[in-house]
Amino acid sequence: GCDLGHKFACAHYAVALDNAKGVANDPGAAVRNYTIGCEAGFMFACTNLGFMYQGDRGVPVNHAESLRLYQIACDGGESYGCNNLGHMHMTGRGVAVDNTRAIALFERALKIDANNQYAKDNLRIAREGA
């Protein structure tokens, strides 16, 4: 599907490449396909691409790019993008530590998806540290 121009297929193919689900693990190809998906407006692809930049997977670590991609995803209504952006603010990864901002982002993530366990856990941790 991706080869035929279906950008949603590219985004999902990236997940398969990233997690070695039915294909060999290929972080570089995952980055290329997440990029296509993100640019096409699939917010989960932006979140996953941000994670690739944060973890030196297929691309060198680039916290500024992770922050940018997580912000795009969060603004686009993707709960995990908000959570990951909040985590960067909570831990000071690529930005100054800002627990107030982190808490707001975790709360936003939970408004989008009340079942996001990562956001629940991070919100608790951030509140304990505030």
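What follows deals with the overall build of the chain. Counting secondary structure elements, the chain contains seven helices and zero strands. Counting only C-alpha atoms, the chain reaches 50 × 30 × 25 Å along its principal axes. The contacts of the chain with a sequence gap of at least 6 include a subset with a gap of at least 24, amounting to 43%. Accessible area of the chain: about 6,700 Å², with a carbon and sulfur share of 53%. Taken together, the 12 basic and 13 acidic charged side chains of the chain have centroids lying 3 Å from each other.

For the rest of this paragraph, the subject is the state of the cysteines. Applying the stated rule across the entire model yields two disulfides. For C38, the disulfide goes to C46, at an S-S distance of 2.0 Å. Residues C38 and C46 are joined through a disulfide that is right-handed, its torsion about the S-S bond being 100°. Among the residues examined, C46 registers a relative accessible area of 0% and is labelled buried. Between the sulfur atoms of C74 and its disulfide partner C82 the distance amounts to 2.0 Å. Across the S-S bond linking C74 and C82, the dihedral sits near 95°, which makes this disulfide right-handed. Taking relative accessible area as the criterion, C74 reaches 1% and is therefore assigned buried.

Evaluated as defined, the whole model comprises five salt bridges. Measuring nitrogen to oxygen at the nearest pair gives 2.1 Å for the salt bridge that ties D18 to R57. Here the residue D18 occupies a position in helix α1 (residues 7-19), and R57 occupies one in the loop between α3 (43-54) and α4 (63-75), the gap between them amounting to 39 residues. By relative accessible area, which is 11% here, D18 ends up buried. Across the pair R68 and E65 runs a salt bridge whose closest N-O atoms are separated by 2.7 Å. Of the two residues, R68 and E65 are both situated in helix α4; the distance of three residues between them amounts to about one turn of the helix. On the basis of relative accessibility, which here comes to 19%, the residue E65 falls in the buried class.

We now examine the packing of α1 against α3. Each pair of packed helices gets described by two things: the angle between the helix axes and the distance between those axes. Between α1 and α3, the shortest axis-to-axis distance is 10 Å and the interhelical angle comes to 35°. Crossing hand, α1 versus α3: left-handed. Every residue of α3 that contacts α1 at F8, A11, H12, V15 and D18 is listed here: F44, A45, N48 and M52.

We now examine the packing of aromatic side chains. A complete count under the given rule lists three aromatic pairs for this structure. Each ring, one from Y80 and one from Y118, has its centre 6.2 Å from the other, and the planes form 75°; the classification is edge-to-face. Taken as a pair, Y80 in helix α5 (residues 79-91) and Y118 in helix α7 (residues 117-129) lie far apart in primary sequence, 38 residues in all. For Y80, a relative accessible area of 31% puts it in the partly exposed group. Three or more aromatic residues link up through ring pairs in this structure, and these residues are F8, F42 and F44.

Reading the values: the criteria
- Residues numbered from 1 in each chain as written.
- Predicted model: local features only at pLDDT ≥ 70, side-chain atom pairs only at ≥ 80, totals over all residues.
- Heavy atoms only, no water.
- Helix = DSSP H or I, 4+ residues; strand = E, 2+ residues; numbered from the N terminus.
- Contact = heavy atoms within 4.5 Å.
- Areas by Shrake-Rupley, 256 points an atom, 1.4 Å probe, with all protein chains shown as cover.
- Lys, Arg positive; Asp, Glu negative; His and termini not counted.
- Charge placed at Lys NZ, Arg CZ, Asp CG, Glu CD.
- Disulfide = S-S within 2.5 Å.
- Buried < 20%, exposed > 50% of the residue type's maximum accessible area, 1.4 Å probe, protein only.
- Salt bridge = Lys/Arg side-chain N within 4 Å of Asp/Glu carboxyl O.
- Axes fitted to C-alpha atoms, helices over the stretch in contact; angles between N-to-C directions.
- Left-handed = near helix turned anticlockwise from the far one by under 90°.
- Phe/Tyr/Trp six-rings, centres within 6.5 Å; stacked < 30°, edge-to-face > 60°.

Read these as geometric descriptors, not functional statements.
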